[in-house]
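Architecture and fold: a report
Residue-level listing of the chains:
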Amino acid sequence: MIETNRPAAVPAEDEPDLLRDQFRQLLRYRRLIGAGLGVGLLGGVYLGISTADTYVATADVVLRAPTDDPFNPSLAPDKAINIGSERQVALSSSIANEAAKKLGVSAKDFAGLRAGLQVTNPPQTMVLRFTYTASSPKEAAKRANAMTDAYLLKRQESLDVTRDTMVKGYQDQRDPVAKQLDELVKQINGMPAGPARDTAYSSKTDLQSKLNTLNGNIAKLQALDMTPGRVTSAATPPGDGDGPGIPMSLALGAAVGLALGLLAAWVRLVFDPAPRSEGDVARALRAPVLGSLPRDKSAGGPLLAAGEEDPRLAEEFRQVAFRLAYDSRFADRRRLLVVAPRGSSEIAAAVAVNLAASFAETGKDVLLIEADLRTPVLASQLPTDAGGRPRQGQMPDAPAQGDSDWPDGRQLVVDAGESGAFDLIPGDRVRNVARALTSPRATRLISEADSPNSTVVVLAPPVLSYADALALVDRVDGVLVVCDPRAVHRSDLTRIRELITGAGGTVLGAVVHAPLPVEKRGRGGKSTGSSPAPAPAPAPRQQHQPLTRQPAGHDQHIQGDGTDTVALRTVRTGNR
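Summarised in this report is the structure supplied together with it. (Residues numbered from 1 in each chain as written. Predicted model: local features only at pLDDT ≥ 70, side-chain atom pairs only at ≥ 80, totals over all residues. Heavy atoms only, no water.)

With that out of the way, let us pick up the sheet that holds strand β12 (residues 478-483). An order of β5-β13-β12-β6-β11-β7-β10-β9-β8 is seen for the 9 strands of this open sheet, with the pairing classed as mixed. A single partner strand is all that each edge strand has here, and the edge strands are β5 (289-292) and β8 (384-385). Against the sheet, helix α10 (residues 278-285) engages β5, β12 and β13 (506-512), with an angle of about 165 degrees to β13. (Pairing = 2+ DSSP bridges. Helix = DSSP H or I, 4+ residues; strand = E, 2+ residues; numbered from the N terminus. Contact = heavy atoms within 4.5 Å. Axes fitted to C-alpha atoms, helices over the stretch in contact; angles between N-to-C directions.)

And the structure:
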């Protein structure tokens, strides 16, 4: 007896795993990353070339406030000087005009003279740093020093004007007082002794005190040290250009371009509706990914992989079959519905056939039902034989000759080589697909899995293109989704899960595969299309008798019995 394990829910991935998975997905957008890297390298080349002949010279000036005692720390320089205002003055046109006169710059080059100057203030200092950028080292140093001298000269003139204005104001106040004092002295000299003379002496004292105060203010202003500042570091011609150089520019450009490319790839990944990894498929379906078909091996080869020289594909199908066999949700009923999301069912047909072969290899009595009644092709693509275990032919309500309903009594045996053999109920075009799929005969056929050691695999059309698969979910409740992660949207997988769950079924897992070759997608329709490729017009239907074992040497030929097919290893998948 096989022990089965009830699978746990899809484990939540931790943050490092999600980040690693996202980074691996970013590498899928190599064109965006390469484009960003190319743009960065071009920018680095431009930066290296444009700054190759650029030179920068720097001069530093320490500002001073006017003072009568430079050793008196009672007044902080930052309280007397607004360094922000001084920086704006240094960048003003008046300073540039003064420097232009000294340098002999014409009016048409005046704008260029101002454009090369940059004035900054290092934090927590009273220093103005004059930085000038020019096309030659000597010109850069010359203009930086000229700008510095012009600023100091203008600041000196501004301070002198301020002092002269204040001195003149005090003098204008002093002259009337001195004149009045002289007149009062003359009056006192001619006055006799008495109260009037005493009053005149008192007025003289007041005027003399006021005059002394005004003279003291004037003397104090005239004694101020009006030095505007000093140059602590004169500009010298730079030995090297200001640019980082071609190698450094290329390195910086490559780093910035790579960052831009990764950012563009991340934005593209965020807004990409397609699941770009098996983790995305598992999260959308809330079911594990049971297998991933090898690239270039999942399409274009034989429908049965057991006879291939490269065993990787067959081993992948065996692994999926064993994982299903040890899943209690499948092992309890042994019914499996294989569907694709939309578009082509070619890979889904290959998965259904090879899973049937893998189950047969384990000793199961496997019945493969082709419930795709719109484009049935398995009978013509598999090595079949009419002889076999007569199940369908023994059904009490099997259709009589001339009845066109499905299932019609045919049962073929598929030779899977070393894997053994399994039974095939081929599909056929009918007038009413829904009625055929929900008929009592179809229900009884699916119930074959209730027999001991039996397994039923049902192949249905794409679940988002037709409702055929949903009509079977209530009887084949275990569903396997076969999809190309790059050709289906996460919303489509979520909708498939909701539809199957709503119909009473369970998504057992998914099998992912690489994109179909271009020629196959062109013939079979794009897998991402909203509607399948139009089915070919139905051919005239052959009437089939219920199949039973024939005596040896019986000469009757039955359509689709395997005599009209080629060898197993040369059978190629068709267009679905």
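Ranked by internal contacts, the top residues of the largest apolar core, which has 44 residues, are L324, V351, L355, L368, L378 and F422. Counting residues per element, this core draws most heavily on helix α13 (residues 346-361), which supplies 12 residues. Counting 41 residues, the second-largest nonpolar core is a separate cluster that includes V430, A460, C483 and L493. (Core = buried A, V, L, I, M, F, W, Y, C linked by side-chain atoms within 4.5 Å. Buried < 20%, exposed > 50% of the residue type's maximum accessible area, 1.4 Å probe, protein only.)

Within the secondary structure, H489 sits in the loop between β12 and α18 (490-502). Residue classification places H489 among the partly exposed residues on the basis of a relative accessible area of 35%. Residues H489 and V281 lie 208 residues apart in sequence; the distance between their C-alpha atoms is 9.4 Å. Setting aside anything within four residues of it in sequence, one finds H489 in contact with P273, A274 and P275.

Our focus in this paragraph is the packing of aromatic side chains. Taken as a whole and assessed by the stated rule, the structure comprises 2 aromatic pairs. Both rings, one in F130 and one in Y151, keep their centres 5.7 Å apart while their planes meet at 45 degrees; by these two values the pair is tilted. Residue F130 is located in strand β3 (residues 127-134), and its partner Y151 is located in helix α7 (residues 137-190); the two are separated by 21 residues in the primary sequence. Across the pair, exposure class does not vary: F130 and Y151 are buried alike. Centre to centre, the rings of F330 and F359 are 5.4 Å apart; their planes meet at 20 degrees, and the pair counts as stacked. On the criterion of sequence distance, the pair formed by F330 in helix α12 (residues 328-331) and F359 in helix α13 is long-range, its members being 29 residues apart. (Phe/Tyr/Trp six-rings, centres within 6.5 Å; stacked < 30°, edge-to-face > 60°.)

Further remarks concern the pattern of salt bridges. Enumeration according to the criterion identifies 16 salt bridges in this entry. A salt bridge links D149 to K102, with the nearest nitrogen and oxygen atoms 2.8 Å apart. In this pair, D149 sits in helix α7 while K102 sits in helix α5 (residues 93-103), placing the two residues 47 residues apart along the sequence. For D149, a relative accessible area of 34% puts it in the partly exposed group. Linked through salt bridges whose partners overlap, the residues forming this network are E315, R318 and E361. (Salt bridge = Lys/Arg side-chain N within 4 Å of Asp/Glu carboxyl O.)

Let's shift gears to the packing of helix α2 (residues 30-50) against helix α9 (residues 246-270). Two elements in contact, α2 and α9, have axes whose closest approach is 6 Å; the angle formed by their N-to-C orientations is 150 degrees. The orientation of α2 with respect to α9, classified from their angle, is roughly antiparallel. The crossing of α2 and α9 is right-handed. Every residue of α9 that contacts α2 at L32, I33, G36, L37, G40, L41, G44, V45, L47, G48 and I49 is listed here: I246, S249, L250, G253, A254, G257, L258, G261, L262, A264, A265 and R268. Tallied by class, the residues present in the contact of α2 with α9 amount to 14 nonpolar, 8 polar and 1 charged. (Parallel < 35°, antiparallel > 145°, perpendicular 65-115°, else oblique. Left-handed = near helix turned anticlockwise from the far one by under 90°. Nonpolar A, V, L, I, M, F, W, Y, C, P; charged D, E, K, R; others polar.)

The next point concerns helix α8 (residues 195-222). Between its first and last C-alpha, α8 extends 41 Å over 28 residues, near the 40 Å set by a 1.5 Å rise per residue. For α8, the full list of buried residues reads A200, L207, L211, L214, I218 and L221. (Expected span 1.5 Å × (residues − 1).)

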